[in-house]
Amino acid sequence: MRGGVQQVRVVVRAMALLRLGRGDSAPQVAEVVRLTPHAVRKIAQRYRTGGMARAVFEAPRPGAAEVLAPSDKQRIIAMVCSAPPAGAARWTVRLVAEQAVKRKVVPRVGRETIRVLYKTTTSAVAGKKCGA
């Protein structure tokens, strides 16, 4: 806690542990650090079971799984590098999503997934030269 800048929640949890270590009750600590008594008790429980790091710092969260596999992304990019279907002047996010499902590149895909793919992929998908 002494070195560097810490997140407020980390400092608050450490302050709660200090107060509990001095013998204050959970409701007393909760009033000082502006948490609920239940939250203070949970911090104390995490300290007893996992030590200081478990009580003060949050465990990493798993996050959402990738919607498209790398091979699916490559096939969608290859599709976008080809000419758009008849009747379309250019590829749009909506058109890419529709055509990816229609051409059975992927079983289903949303427009937001395609938009994120556009944003995170090379400039080839952003309307510049494909292939090269």
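Anything mentioned here points back to the structure above.
Residues numbered from 1 in each chain as written. Predicted model: local features only at pLDDT ≥ 70, side-chain atom pairs only at ≥ 80, totals over all residues. Heavy atoms only, no water.

Draft legend 1. Structural view of the overall build of the protein. Scanning the protein from terminus to terminus reveals six helices and zero strands. Going from N to C terminus, the protein has its helices and strands arranged as α-α-α-α-α-α. Here the protein holds 132 residues, and the buried ones make up 28% of them. When the accessible area of the protein is evaluated, it comes to approximately 9600 Å², of which 55% is carbon and sulfur surface. (Helix = DSSP H or I, 4+ residues; strand = E, 2+ residues; numbered from the N terminus. Buried < 20%, exposed > 50% of the residue type's maximum accessible area, 1.4 Å probe, protein only. Areas by Shrake-Rupley, 256 points an atom, 1.4 Å probe, with all protein chains shown as cover.)

Draft legend 2. Representation of the pattern of salt bridges in the model. In total, this model carries seven salt bridges according to the counting rule given. Glu58 is paired through a salt bridge with Arg61; the nearest N and O atoms lie 3.3 Å apart. With a relative accessible area of 36%, Glu58 lands in the partly exposed category. The exposed category is assigned to Arg61, whose relative accessible area is 68%. Here Arg115 ties to Glu112 by a salt bridge, and the two come within 2.7 Å at their closest N and O atoms. Of this pair, Arg115 and Glu112 both sit in helix H6 (residues 111-120), three residues apart, which is roughly one turn of the helix. (Salt bridge = Lys/Arg side-chain N within 4 Å of Asp/Glu carboxyl O.)

Draft legend 3. Region of the structure containing unusual backbone geometry. Phi is positive for Arg34, which is not a glycine, with a value near 60 degrees. Assignment of secondary structure puts Arg34 in the loop between helix H2 (26-33) and helix H3 (37-56). The residue Lys104 is not glycine, and still its phi comes out positive at about 60 degrees. Mapped onto the elements, Lys104 comes out in the loop between helix H5 (93-102) and H6. Given the relative accessible area of 72%, Lys104 is considered exposed.

Draft legend 4. Structural view of the nonpolar core. Ile76, Trp91, Val96, Ala100, Val106, Val109 and Ile114 are the most contacted members of the largest nonpolar core, which totals 15 residues. Where this core is concerned, the elements lending two or more residues are helix H4 (70-81), H5 and H6. For this core, the element with the highest residue contribution is H5, accounting for four residues. Setting aside its immediate chain neighbours within four residues, Val106 contacts Leu68, Asp72, Ile76, Ala100 and Val101. (Core = buried A, V, L, I, M, F, W, Y, C linked by side-chain atoms within 4.5 Å. Contact = heavy atoms within 4.5 Å.)

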